[in-house]
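Architecture at a glance
Chain residues, written in single-letter form:
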Amino acid sequence: MTLLAVENLHVEVDGKPILNGLSLAVPAGQVHAVMGPNGSGKSTFANVLAGRPDYTVTAGSVAMDGEQLLDLAPEERARKGLFLAFQYPVEIPGVSNMEFLKAATDAQAKAAGQQAPSAVEFIGRARQAAADLRLSADFLKRGVNEGFSGGEKKRNEILQLLLLRPRLAILDETDSGLDIDALKVVAAGINAFRAAHNAVVLVTHYQRLLDHVVPDRIHVLAGGGIVRSGDKSLAHALEAKGYGWLDS
Amino acid sequence: MAGSTAEATALARRLSERGEDAARYAPWFDRGRCREALAGNGLPRFHAEAWRHTNPRPWYAAALGANGGGADVRVQAPPGVDVATFDEPRAADLFARHSGDILDPAEHPLAAVNGLLLGAGVVVHAPAGLQAATPVRIDGLGAAFQHVLVVAQPGAALTVLETPSAFAHRVVECVVAAGARLTHLRRQDASGGCECSLVAATVAEGGRYELAQLSKGAALRRNDLVARIDGPNAGAHIRAAWRLDDGHLDNQVRISHAEGGGTSRQTYRGVAGGRSRAVLNGAIHIAPGADGSDASLTAKNLLTSATAQVFAKPALEINASDVKCAHGATVGALDEEAVLYLRSRGIGESDARDLLVRAFLAEAIVDEEGARSLGLSG
Ligand SMILES: Nc1ncnc2c1ncn2[C@@H]1O[C@H](COP(=O)(O)OP(=O)(O)OP(=O)(O)O)[C@@H](O)[C@H]1O
Ligand SMILES: [Mg+2]
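Residues numbered from 1 in each chain as written. Chains lettered and ligands numbered in written order. Predicted model: local features only at pLDDT ≥ 70, side-chain atom pairs only at ≥ 80, totals over all residues. Heavy atoms only, no water.

**Some details on the overall build of chain B**
This is how the line gets drawn: What counts as a helix is a DSSP run of H or I of at least four residues, what counts as a strand is a run of E of at least two, and both are numbered from the N terminus. Here the radius of gyration uses the C-alpha set of atoms, whereas the globule reference equals 2.2 Å times the residue count to the power 0.38. Here's how the labels work: a residue is buried when its accessible area is under 20% of the maximum for its type, exposed when over 50%, partly exposed in between, all with a 1.4 Å probe on protein chains only.
For chain B, the helix and strand inventory stands at eight helices and 18 strands. Taking 2.2 N^0.38 as the reference for a compact globule, 378 residues should give roughly 21 Å; the C-alpha atoms of chain B span a radius of gyration of 20 Å, in line with that estimate. Projected onto the principal axes, the alpha-carbon positions of chain B cover approximately 65 × 50 × 45 Å. A buried classification covers 55% of the 378 residues belonging to chain B.

**Notes on the overall build of chain A**
Applied cut-off: Whether two residues touch is decided by their heavy atoms; if any such pair falls within 4.5 Å, the residues are in contact.
A count of helical and extended segments in chain A gives ten helices and twelve strands. For a compact globule of 248 residues, the expected C-alpha radius of gyration is about 18 Å, and chain A comes in at 18 Å, within 12% of that figure. By principal-axis analysis of the C-alpha atoms, chain A measures approximately 55 × 40 × 35 Å. Expressed as a percentage of the 248 residues in chain A, the buried residues total 53%. Taking the contacts inside chain A whose residues are at least 6 apart along the sequence as the reference set, 67% of them involve residues at least 24 apart.

**Re the sheet that holds strand E6 (residues 82–85) of chain A**
Residues and elements named next belong to chain A. Short version of the rule: Two strands pair if DSSP finds at least two bridges between them. To obtain each axis, a line is fitted to C-alpha atoms, and for helices this fit is confined to the stretch in contact; angles are then taken between N-to-C directions over 0 to 180 degrees.
In spatial order, the strands read E6-E9-E10-E3-E11-E12; together these six strands make up an open sheet with mixed pairing. Every interior strand has two partners, whereas the edge strands, E6 and strand E12 (225–230), have only one. On average, each strand axis in the sheet is inclined to that of its neighbour by 20 degrees, with strand direction left out of account. Bridging between strand E3 (residues 31–35) and strand E11 (residues 217–222) involves four bridges; their strand directions are parallel. Each residue of the ladder has a partner; that of His-32, found in E11, is Arg-217. Here helix H6 (residues 150–164) sits on the sheet in contact with E6 and strand E9 (168–172), set at roughly 165 degrees to E6. The strands touched by helix H9 (residues 233–241) within the sheet are E3, E11 and E12, with E11 carrying the most contacts at an inclination of about 45 degrees.

**Side note on the interface of chain B and chain A**
When the parts of a complex come together, some accessible area is lost, and that lost area is often taken as the interface size. Let me state the cut-off plainly: Accessible area that two parts lose when put together, evaluated with a 1.4 Å probe and summed over both, is termed the buried area. We define a salt bridge as a contact between a side-chain nitrogen of Lys or Arg and a carboxyl oxygen of Asp or Glu at a distance within 4 Å. Distance and chemistry together define a polar contact, namely a pair of N or O atoms within 3.5 Å, with one atom able to donate a hydrogen and the other to accept it when in protein, and with adjacent residues in sequence counting only for side-chain atoms on both sides. In this classification, Asp, Glu, Lys and Arg are treated as charged, Ala, Val, Leu, Ile, Met, Phe, Trp, Tyr, Cys and Pro as nonpolar, and every other residue, Gly included, as polar.
Between chain B and chain A, the contact holds 17 residues from the first and 30 residues from the second. Three residues stand out in chain B for area buried against chain A, namely Leu-340, Tyr-341 and Arg-345 of chain B, and they jointly supply 40% of the buried area on that side. Summed over the shared surface of chain B and chain A, the number is three salt bridges. Across the pair Glu-337 of chain B and Arg-52 of chain A runs a salt bridge, and its minimum N-O distance is 2.8 Å. At the junction of chain B and chain A, the tally comes to eleven residue pairs in polar contact (both at pLDDT 80 or more). Mapped onto the side of chain B that touches chain A, the elements with two or more residues apiece are helix H6 (336–343) and helix H7 (349–362) of chain B. Residue composition of the side of chain B that touches chain A, by class: eight nonpolar, three polar and six charged.

**Notes on the pattern of salt bridges**
Within the structure shown, the criterion is met by 37 salt bridges over all chains. Arg-33 of chain B is paired through a salt bridge with Asp-30 of chain B; the nearest N and O atoms lie 3.8 Å apart. Its salt-bridge partner being Asp-230 of chain B, residue Arg-228 of chain B comes within 2.9 Å of it at the nearest N-O pair. Note on Arg-228 of chain B: relative accessible area 19%, which makes it buried. Because the salt bridges share partners, they merge into one network encompassing Glu-75 of chain A together with Glu-336, Arg-343, Glu-349 and Arg-353 of chain B.

**Topic: helix H1 (residues 42–50) of chain A**
Side chains three or four residues apart in an α-helix point the same way, a direct result of the helix having 3.6 residues per turn. All names here are of chain A. Burial runs high along H1: eight of the nine residues are buried. All of the buried residues along H1 are Lys-42, Thr-44, Phe-45, Ala-46, Asn-47, Val-48, Leu-49 and Ala-50. Gly-51 occupies a position one or two residues after H1 and carries a positive phi of about 100 degrees.

**Considering the packing of aromatic side chains**
Note the cut-off: Only centres within 6.5 Å qualify two rings of Phe, Tyr or Trp (six-membered ring in Trp) as a pair; their planes then separate them into stacked at under 30 degrees, edge-to-face at over 60, and tilted for everything else. Only when the NZ of Lys or the CZ of Arg is both within 6 Å of the ring centre and within 35 degrees of the ring normal is a charge said to sit over the ring.
Scanning the model with the defined rule gives twelve aromatic pairs over all chains in all. Among the aromatic side chains, those forming a connected cluster through ring pairs are Trp-28, Phe-29, Phe-86 and Phe-95 of chain B. The ring of Phe-122 of chain A carries Lys-102 of chain A above its face, with NZ or CZ at 5.9 Å from the centroid. Above the ring of Trp-51 of chain B, the side-chain terminus of Arg-222 of chain B is found at 3.8 Å from the ring centroid.

**Side note on the pairing of strand E8 (residues 181–188) of chain B**
All names here are of chain B. With six of eight residues buried, E8 is to be regarded as a mostly interior element. Two elements, strand E6 (residues 157–162) and E8, share six bridges in a ladder whose sense is parallel. Pairing of Leu-158 across the sheet is with Leu-182, part of E8. Pairing of E8 with strand E10 (residues 208–216), which is carried by eight bridges, proceeds in the parallel orientation. Along E10, the bridge assignment pairs Arg-181 with Arg-208.

**Overview of the coordination of the magnesium ion (ligand 2)**
All names here are of chain A. The condition that has to hold: Coordinating N, O and S atoms are those within 2.8 Å of the metal (3.2 Å for Na, K and Ca), and as water is not part of the atoms, a site may appear to have fewer donors than expected.
With distances of 2.0 to 2.2 Å, the protein atoms coordinating the magnesium ion (ligand 2) are Ser-43 (OG) and Gln-87 (OE1). Linking Ser-43 in helix H1 with Gln-87 in the loop between E6 and strand E7 (92–96), this pair joins segments that are 44 residues apart in sequence. Under the relative-accessibility criterion, Gln-87 is labelled buried at 15%.

**Comments concerning the environment of Pro-135 of chain B**
Residue and element names in this part refer to chain B. Within the secondary structure layout, Pro-135 lies in the loop between strand E3 (120–126) and strand E4 (136–140). Taking the C-alpha atoms as reference, Pro-135 lies 5.3 Å from Val-160; in sequence the two are 25 residues apart. Residues contacting Pro-135, with those up to four places away along its chain left out, are Gln-76, Pro-78 and Thr-159.

**Some thoughts on the site of ligand 1**
All names here are of chain A. Applicable threshold: Definition of nearness: a residue and a molecule or strand are near each other if at least one heavy atom of the residue lies within 4 Å of the molecule or strand. Residue-level accessible areas treat just the shown protein chains as cover; the underlying method is Shrake-Rupley with a 1.4 Å probe.
Contacts to ligand 1 come from 15 residues, most closely from Gly-39, Lys-42, Ser-43, Thr-44 and His-205. With respect to ligand 1, the backbone of Gly-39 contributes an N or O atom lying 2.9 Å from an oxygen atom. Interatomic distance of 2.8 Å between a side-chain N/O atom of Lys-42 and an oxygen atom of ligand 1. Contact with the protein chains covers 66% of the free accessible surface of ligand 1, which is 640 Å². Within the residue set of the shell around ligand 1, elements represented by two or more residues are strand E2 (16–27) and H1. At three residues, H1 tops the list of elements feeding residues into the shell around ligand 1. For the shell around ligand 1, the residue count by class is four nonpolar, eight polar and three charged.

No statement about biological role is implied by the geometric values presented.
In structure tokens, the structure reads:
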């Protein structure tokens, strides 16, 4: 079953076309990697899926579980199970990480008609997830991403992934800026998340992550669309030859 | 004398006639001084320096219609704190012994009007060395025009919480003696009415006055505050936050360092939305010879609508040497990237904005207990 179906997506920023006819289908239970040169539009794609308002979709469609996403507000998409790990997570001083995580969990539970976890139960879950990601419990008390190092911010994104348990996770360069040990920890988090009913889109520049989180498909985004798709061996070819090789 | 409006003229007449009938409540209270002050200076006038952004006219109308004395006094105090309403005989004595010179009606027309229309009053007295176990709560004083005197004797530690009910026109004098500590929490909820208050604090050597105030909008809300540092190592920290969805709030604050070696801090966080209007005049005055004073003021404002207005003006008057004085005021908007981040996790847009606004206000009200009492945190 196709969890994410993107068809002929055209996107502009300030009148400048960035995506022109991107199509992509991700079935449930799979991990797809999206690679591509700097500035090719990977983050634009990820942000359009999440509902960032600065982008204008001029054509195409995006469906999750068969339901059209593009007319929904960002929070509605999240409540339907879409999650974006940001390339540059935002710092929110004054709002504690724990308060933020609980508010998000409660909002999603409410939208699903489920009972929110009790504070005690939730704190236990959050501590466990932090420990799994080798983040000390102090990070739960600090302001959201406030003063976190680059790698800590990325781990905090995966912490949210583990607590919110979305249907579709789009991870925008979550591996960038991670040290070797942190990369393994984050990869283990993503692998723990993988399940038959959900799917992951991994935006990455590096083969390294794909050694740990083995993708079902790899797509190359260039010139505003997917120019090549293949299995995991495509990443090795790109690593060896660069993107120029695709033009030849 | 007063401004030219019919309300002002009528109020001035009523105030000058107040004599015998006013003396029914707390006859010992010195109304002569108030009458003289008003005869000399008149009522506040719109566009005068301290009333540049606030037209007092609706307040005159409210004052004219205000009721007299009432019996509905709701004050709770922990053991050891003496509470006397102005109609109890010992209140006159406590007042005479402790009320100081900071509330000169000639300087504060609000105090003069308040004195002439006085209908309720209370003295809260913490004896030397008392460590009050729980806050004194002032939930209601009955009449419209109210006077509160809080005295923290040497070494005493006391918290006073003012909740918003019947908070019409209130003067609060705080006397913090040597080495005493007074924490003053004030909550002003949204109101369609017209409310003026004047807080005046004096802090003696080694004493500390801490104000944490959270205000919502009213049709007209005016908060005047004067605090005086009266000795070395005396400190005053004014923390005020406001969140206006509508209405008008005018804060006029003046901290004066009368003696050297003291510290004052003013921390303001204001959020103005809807068609609201917020005013902050924060002044720091360092008297001649008050050397080694340390004063600062920071004011951050958020505008959450295109139709709200903020007027923030810090003012410094420094007449001493070796003084540390810092101030800054900013006006900005909510961080839309943060709003999007929260929404992308399923938090609705208005909840996201509310979370960010409360975090912003909490930068001023940092004390957890204070934040809880003021309804800023769960
Ligand atoms: N808000 C914006 N305003 C103007 N240009 C933008 C905006 N957002 C993206 N762009 C432009 O769109 C193009 C695609 O940017 P995007 O961030 O999607 O690239 P990317 O593939 O994620 O790159 P990287 O690998 O460096 O992260 C770039 O040329 C970028 O400058
Ligand atoms: Mg990018």
